[in-house]
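The residues making up each chain are set out below.
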Amino acid sequence: MNAAASSVDLLLSARWVLPVVPHAAVLEEHAVVVHEGAIVAVLPQAEARARYAPAQQVELDEHVLLPGLVNAHTHNPMTLLRGLADDLPLMTWLRDHIWPVEARVIGPEFVRDGIELAIAEMLRGGTTCANENYFFPDVAAATYRAHGFRAVVGLPIIEFPSAWARDTDEYFARACALADALRDDALVSAAFAPHAPYTVSDASFGRVRLLADQLDLPVHLHLHETAQEVSDSLREHGQRPLARLAGMGLLNDRLIAVHMTQLTGAEIAQCAQAGVSVVHCPESNLKLASGFCPAEALRRAGVNLALGTDGCASNNDLDMFGEMRTAALLAKGVAGDARAMDAASTLHAATLGGARALGLESRIGSIEPGKRADLIAVRMDAIETQPLYQVISQLVYSTPRGQVSDVWIEGRALLRAGDLTALDHDAVIRRARQWRQRVAAI
């Protein structure tokens, strides 16, 4: 080692590094250098060993190293409702099953325990950032921060009372207070989360738009999720939901539009021009028979695409590897084109596309010097991933989440050789079982 070598915290030497930028790049026998939670350099292994003196070195001889996956739409406390009401259409599922149960159980403990279960599942599956959308966002933020997990927490806005807020004014007051409290947080940030066009009034949307501009926050919204949503909007407002939002100035580069299964060609072009990000949740949409997001048409139009699992009550997992595979395959069927949503574009949606949607592209989503060290290592020597011809294709089409071996967030190891380093596995399961008993008794 060179006596003049720079001291750093961590050197990760991998068989393959997928930086995501440049697009579709595969770097063989490279290393990623990490110091004080940031990526310092990406370079050939021999050069890295000559230039840097790491406090810790990790050899990933049979692994691919890539950015942590970004789950751009989820309701993580709902892990505690996994499998509660399956095989039902969206509005029946919501109105007759999910909302009544939530009315009985929602509270700080439910949110905390559900998110801890979700964090454990996400880390084991290579997800390092979640775009959260649920009640008690203050508890969500505290839970994510306590476990060193990166998240954007939604500030809920809806027209009916809940355990979180009694009326619209209280929703907005609590939203603004939490947004202010999170302004300088290194791991957890905020987004306005008006639920959907059919549960939020024009007046509330107007307030969201004004405050999002003033506070520089994204707007996270279920939009064009079902054909019924569109037909109801035409009957009640005389226009489609997207047009209604455009009229209120909400169609812009702050908007995180989730689902988007019902789109015309003109609406796709409108989203591209406005800079809207679309979060594709293919497995939830399939399970609820909500429709098919035209992912390839959006991508070709230049719309930023991200991927999300939705909540565990409608998916029923937080498996972003499964979501990538489903997204790529479904896009081909919908487009009638085997070239649609190629593997590299799908990986981009699950990493940098998600980061861009959340306004975090300067911090995460790719392996570049200066970005935060949110990284995952995936073993590629298992039977399921042999033989290996093209790394990115194998990752998207063949690799199960169980092959994720290591996860770092801000350079801190939260999963090591498949084991959680900071969460009590048995305690998480015990609390989940306690909640099953409570929910089943309702």
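As the structure is a computational prediction, the values presented were derived from the model and not from experiment. (Residues numbered from 1 in each chain as written. Predicted model: local features only at pLDDT ≥ 70, side-chain atom pairs only at ≥ 80, totals over all residues. Heavy atoms only, no water.)

Colleague: Would you mind going over the packing of aromatic side chains with me for this structure?
Modeller: One pass over the structure, following the stated rule, counts 6 aromatic pairs. Ring geometry for Tyr 144 and Phe 149: centres 5.8 Å apart, planes at 35 degrees, overall tilted. For the pair formed by Tyr 144 and Phe 149, the shared burial category is buried. In textbook terms, an aromatic cluster arises when at least three aromatic residues are bridged by ring pairs, as seen for Phe 110, Tyr 134, Phe 135 and Trp 435. The positively charged end of Arg 174 is found above the aromatic ring belonging to Trp 164, 3.6 Å away from the centroid. A cation over a ring is seen here: Arg 207 above Phe 172, with NZ or CZ 4.1 Å from the ring centre. (Phe/Tyr/Trp six-rings, centres within 6.5 Å; stacked < 30°, edge-to-face > 60°. Buried < 20%, exposed > 50% of the residue type's maximum accessible area, 1.4 Å probe, protein only. Lys NZ or Arg CZ within 6 Å of the ring centre and 35° of its normal.)

Colleague: Teacher, can you tell me more about the packing of helix α5 (residues 168-181) against helix α6 (residues 202-215) here?
Modeller: A pair of packed helices can be characterised by two numbers: the angle between their axes and the separation between those axes. Where α5 contacts α6, the axes come no closer than 12 Å and their chain directions differ by 15 degrees. The orientation of α5 with respect to α6, classified from their angle, is roughly parallel. Judged by the sense of rotation from one axis to the other, the crossing of α5 with α6 is right-handed. Here Thr 168, Asp 169, Phe 172, Cys 176 and Ala 179 of α5 come into contact with α6, specifically with Ser 204, Arg 207, Val 208, Leu 211 and Leu 215. (Axes fitted to C-alpha atoms, helices over the stretch in contact; angles between N-to-C directions. Helix = DSSP H or I, 4+ residues; strand = E, 2+ residues; numbered from the N terminus. Parallel < 35°, antiparallel > 145°, perpendicular 65-115°, else oblique. Left-handed = near helix turned anticlockwise from the far one by under 90°. Contact = heavy atoms within 4.5 Å.)

Colleague: Looking at this structure, how should I read the side chain of Glu 323?
Modeller: Mapped onto the elements of the fold, Glu 323 is located in helix α12 (residues 320-335). Buried Glu 323, no salt bridge; nearest opposite-charge side chain is Arg 401, N-O distance 9.1 Å. When neighbours within four sequence positions are excluded, Glu 323 is seen to be in contact with Cys 281, Pro 282, Glu 283, Ser 284, Leu 307, Gly 308, Thr 309 and Asn 315. (Lys, Arg positive; Asp, Glu negative; His and termini not counted. Salt bridge = Lys/Arg side-chain N within 4 Å of Asp/Glu carboxyl O.)

Colleague: Quick question: what am I supposed to make of a nonpolar patch on the surface here?
Modeller: Taken together, the side chains of Leu 286, Phe 292 and Val 334 make up a nonpolar region of the molecular surface, amounting to roughly 260 Å² of accessible area. Mapped onto the secondary structure, Val 334 falls in helix α12. (Patch = residues over 30% accessible without salt bridge, like charges linked within 9 Å, V, L, I, M, F, W, Y side chains within 5 Å. Areas by Shrake-Rupley, 256 points an atom, 1.4 Å probe, with all protein chains shown as cover.)

Colleague: Explanation requested: the nonpolar core in the structure shown.
Modeller: If you look at soluble globular proteins, the nonpolar side chains tend to sit buried side by side. Counting 131 residues, the largest nonpolar core has Val 64, Leu 66, Trp 93, Tyr 144, Phe 192, Val 378 and Leu 395 as its most contacted members. In terms of residue count, the dominant contributor to this core is helix α3 (residues 108-124) (9 residues). In this structure Val 64 touches Trp 16, Leu 18, Ile 376, Ala 377, Val 378, Met 380, Val 391 and Leu 395, once residues within four positions along its chain are discounted. If you look at the next biggest cluster of nonpolar residues, it comprises 16 residues, including Val 32, Val 58, Ile 367 and Leu 375. (Core = buried A, V, L, I, M, F, W, Y, C linked by side-chain atoms within 4.5 Å.)

Colleague: What's the story with the environment of Ala 373 in this structure? I'm lost.
Modeller: Along the chain, Ala 373 falls in the loop between α13 (343-357) and β13 (375-379). What makes Ala 373 buried here is its relative accessible area of 0%. In the structure, Ala 373 is positioned 38 residues away from Gly 411 in sequence and 4.9 Å away in space, judged by C-alpha atoms. Residues in contact with Ala 373, not counting those within four places in the same chain, are Val 34, Gly 37, Ala 38, Ile 39, Trp 408, Ile 409, Glu 410 and Gly 411.

Colleague: Please explain the pattern of salt bridges as it appears in this structure.
Modeller: Charged atoms that come close allow side chains of opposite charge to pair. Summed over the entire model, instances satisfying the criterion amount to 31 salt bridges. Between Glu 47 and Arg 51 there is a salt bridge, and its shortest N-O distance comes to 3.1 Å. In this pair, Glu 47 and Arg 51 both sit in helix α1 (residues 45-51), 4 residues apart, roughly one turn of the helix. Linking Glu 121 and Arg 82 is a salt bridge whose minimum nitrogen-to-oxygen distance equals 2.9 Å. Within this pair, whereas Glu 121 is found in helix α3, its partner Arg 82 is found in the loop between β5 (69-74) and α2 (90-105), the two being separated by 39 residues in sequence. A relative accessible area of 12% means that Glu 121 is categorised as buried. Assessed through its relative accessible area of 34%, Arg 82 is described here as partly exposed. Salt bridges here are not isolated pairs; linked through shared partners, they connect Arg 150, Arg 363, Arg 372, Asp 374 and Glu 410.

Colleague: Quick question: what am I supposed to make of the sheet that holds strand β1 (residues 6-17) here?
Modeller: Backbone-to-backbone hydrogen bonds join strands into a sheet, with any given pair of strands oriented parallel or antiparallel. On the basis of which strands lie adjacent, the open sheet formed by 8 strands has the order β3-β2-β1-β4-β13-β14-β15-β16 and mixed pairing. The open sheet has two edge strands with one neighbour each: β3 (38-44) and β16 (419-420). Pairing between strand β4 (residues 52-67) and β13: 5 bridges, direction antiparallel. Bridging from a neighbouring strand, Val 64 pairs with Val 378 of β13. (Pairing = 2+ DSSP bridges.)

Colleague: Would you mind going over α13 with me for this structure?
Modeller: It helps to recall that an α-helix has 3.6 residues per turn; residues three or four apart then point in one direction. End to end, α13 covers 20 Å across 15 residues, agreeing with the expected 21 Å (1.5 Å per residue, within 8%). Of all the 15 residues making up α13, 13 are buried; the element is thus mostly covered by neighbouring parts of the structure. Regarding α13, its N-cap is Asp 342, as a side-chain oxygen of that residue lies 3.2 Å from the backbone nitrogen of Ala 344 further along. Remark: Gly 359 follows α13 within two positions and exhibits a positive phi of approximately 75 degrees. (Expected span 1.5 Å × (residues − 1). Polar contact = N/O pair within 3.5 Å; in protein donor to acceptor, adjacent residues only side chain to side chain.)

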